[in-house]
Amino acid sequence: MKKPDRIKKQWELYQSLRGKELIIYPVSQKIPPKVNELRELCTFPSIYFALAEEISFHQERLFKAIVLTEEITLGWLDSQTPVIRLPHLRTIIIALPFWVYLDEKFLLNHTNKLGVLNEDDIHRLEDYAERAKIPQDIRGEYIRFLMKLLAPYNTESILTYLEKLEEYQFAPSVFTISDDLKTYYEKDPHYAFAKAASSKNVHKGKNFFAIVEKIPEVGSKLTLYLPQDYLGQKVTIKVENNVLFEGTLETIKLEFTNLPELADYTSWLEAIDVELSV
Amino acid sequence: MYDYKPNIERIIRNEITSEEYQKFLNILKRIFRQAFKVYFTLDIEKLFHKFYGPDYLKVLTSELVFRIVSKKDSFLKLPYINKRYLLSTAINIIYFHLSSGFKVVEREVNFDDLNLAQEENKEQGFNVESLLPPVFVNFLEDSALSHLVMSLKKRLTKKELETLCWYIYKAYKQNPKDVKASADAIYKRWERLKPKLREIFGDEVLEGTSADKLFYVIKSEICEKLDLFKSRK
């Protein structure tokens, strides 16, 4: 007898329920978000977030949120997939191998606080999200679909956050990238022809935010926001091994002009590294 | 599709007549039957029967009602609640019980208790499960493997499937005697096939511990059915 493909069946059911867009509702009881919390997005089928990290500059807060799901058949990758049981809601959820950045207001207005996780478990979820590979099958399709569904909130949160930072009016330091380096990346096939699955011009690195804006007739401009406690310290900013900036940080906002002209900046932004020089 | 939201609203407000409630429970029982049939297996359903007794469907429907009432705010925000919504919730409840190793005790829904429990449960602590029952893990592994085998059948040519089976028989030390190609040629075919398999499986499956189980499923689901290496006269 032919074995049924349960993953396919579950995917069909999920698609019929979700539709193409994410419809979210405001929550009745607004509770300000905190790190280590488990929260549920008000939508159906539900999406859950474990808040792993808080990034704050001045009064503005952004949270790194590991995504979890109720769709066990679709999200389960192997025996390492973290499973959390919520007995009082007769619900079981599992972690997915990705995270998003959500701003405080979004979490406050659209997610219900369910409870808290201990720090070790939060690290387990983070490790899994970093390490687990997304398979090339329906489960991978489901995970990428969810990423795409959440992408507008992710990017919007980062952009809102950057806009809020702008309100503090940091005077930027402006640098021009050398022509040699510009040409180097324009000719490097890895960057010149790279086209990411979801093209983005906003990137959250380990310790910085980066945004690329295309300005007509001027070209592209890169803005980097670094942590406030780096001020006055010696910093090196590189793309791969090529130094973009080296010196004492006088402002947390750095602008770079004369950027290589690339169709998609995702890989280039991901290659940026900011280090404190000792 | 029928909208169950009015029924659910009446349950939450405790305004439903016992006749209506019974009718609704019967619908939920049918939904659980469908969930077992399509999204699980007969063996899994038998386990529920074994641990929860002949009334296992009644236990599960009570659990679904419990969940609806516990998450009433979320349910009431939905513009409508059709059968698929309930089916999706039922599937998660089955997984919830499967992951408990059937240690969840049957309880009747008491609406007063529930409201009180919600007040008390504001700062719930949760844990990542460190030990899950084998029945839960095995079922999910089997689902993933069946899906992989389906993908293989769809994405590989007959010649490529033959090559894969040659490799698997070799791994099982069942030396295939009558392969049409020379050992050298088939080895080259295998080398060419590897990147494609890596793309379908991902690196971890090819090199990881689940390879044994995967090979076994491919052997029984593909190789033995292709009848590739049967002695020819």
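Residues numbered from 1 in each chain as written. Chains lettered and ligands numbered in written order. Predicted model: local features only at pLDDT ≥ 70, side-chain atom pairs only at ≥ 80, totals over all residues.

1. So, the sheet that holds strand β14 (residues 272–276) of chain A
Residue and element names in this part refer to chain A. Taken in spatial order, the three strands line up as β12-β11-β14 in an open sheet, and their pairing is antiparallel. Taken across any chain shown, the strands that pair with only one partner, and hence form the sheet edges, are β12 (242–248) and β14. Strand-to-strand twist of the sheet, defined as the mean angle between neighbouring strand axes without regard to direction, takes the value 15 degrees. Inspection of the sheet shows strand β11 (residues 234–239) paired to β14 by five bridges, in the antiparallel sense. From the neighbouring strand, I237 faces β14, where its bridge partner is V274. (Pairing = 2+ DSSP bridges. Helix = DSSP H or I, 4+ residues; strand = E, 2+ residues; numbered from the N terminus. Axes fitted to C-alpha atoms, helices over the stretch in contact; angles between N-to-C directions.)

2. Some details on the interface of chain B and chain A
Facing the 44 residues of chain B at the interface are 43 residues of chain A. Going through the elements one at a time, α2 (18–39), α4 (56–70), α5 (72–77), α6 (83–99), β1 (125–126), α8 (134–155) and α10 (183–201) of chain B are the ones with two or more residues in the side of chain B that touches chain A. Here the side of chain B that touches chain A takes nine residues from α6(B), the largest share from any one element. In the side of chain B that touches chain A, the residues fall into 18 nonpolar, 15 polar and eleven charged. Direction of pairing for strand β6 (residues 111–117) of chain A relative to β1(B): parallel, over a ladder of two bridges. (Contact = placed C-beta atoms within 7 Å. Nonpolar A, V, L, I, M, F, W, Y, C, P; charged D, E, K, R; others polar.)

3. Description of the confidence of the model for chain B
For chain B, mean pLDDT is 83; residues scoring 70 or higher make up 83% of the total. Overall fold confidence for the complex sits at a pTM of 0.77, while the interface term, ipTM, reaches 0.84. (pLDDT = per-residue confidence, 0-100.)

4. Structural notes on the environment of A:H88
All names here are of chain A. Mapping H88 onto the fold places it in the loop between β4 (83–86) and β5 (91–103). Residue class for H88 comes out partly exposed when judged on the 17 C-beta atoms lying within 10 Å of it. Spatially, the C-alpha atoms of H88 and E54 are 27 Å apart, while their sequence positions differ by 34 residues. (Buried ≥ 20, exposed ≤ 12 C-beta atoms within 10 Å, placed from the backbone.)

5. A closer look at the domain arrangement of chain A
Split into domains, chain A comes out as domain 1 (6–166) and domain 2 (170–276). For domain 1 of chain A and domain 2 of chain A, the distance between their C-alpha centres works out to 28 Å. (Domains from an automatic or database assignment.)

6. Focus: the nonpolar core
If you look at the biggest cluster of nonpolar residues, it comprises 121 residues, and the most contacted ones within it are A:A50, A:A65, A:V67, A:L68, B:A35 and B:A90. Ranked by the residues each element gives to this core, the list is headed by α6(B), at ten residues. When neighbours within four sequence positions are excluded, A:L68 is seen to be in contact with A:Y48, A:A50, A:I84, A:I93, A:I94, A:A95 and A:L96. (Core = buried A, V, L, I, M, F, W, Y, C linked by C-beta atoms within 7 Å.)

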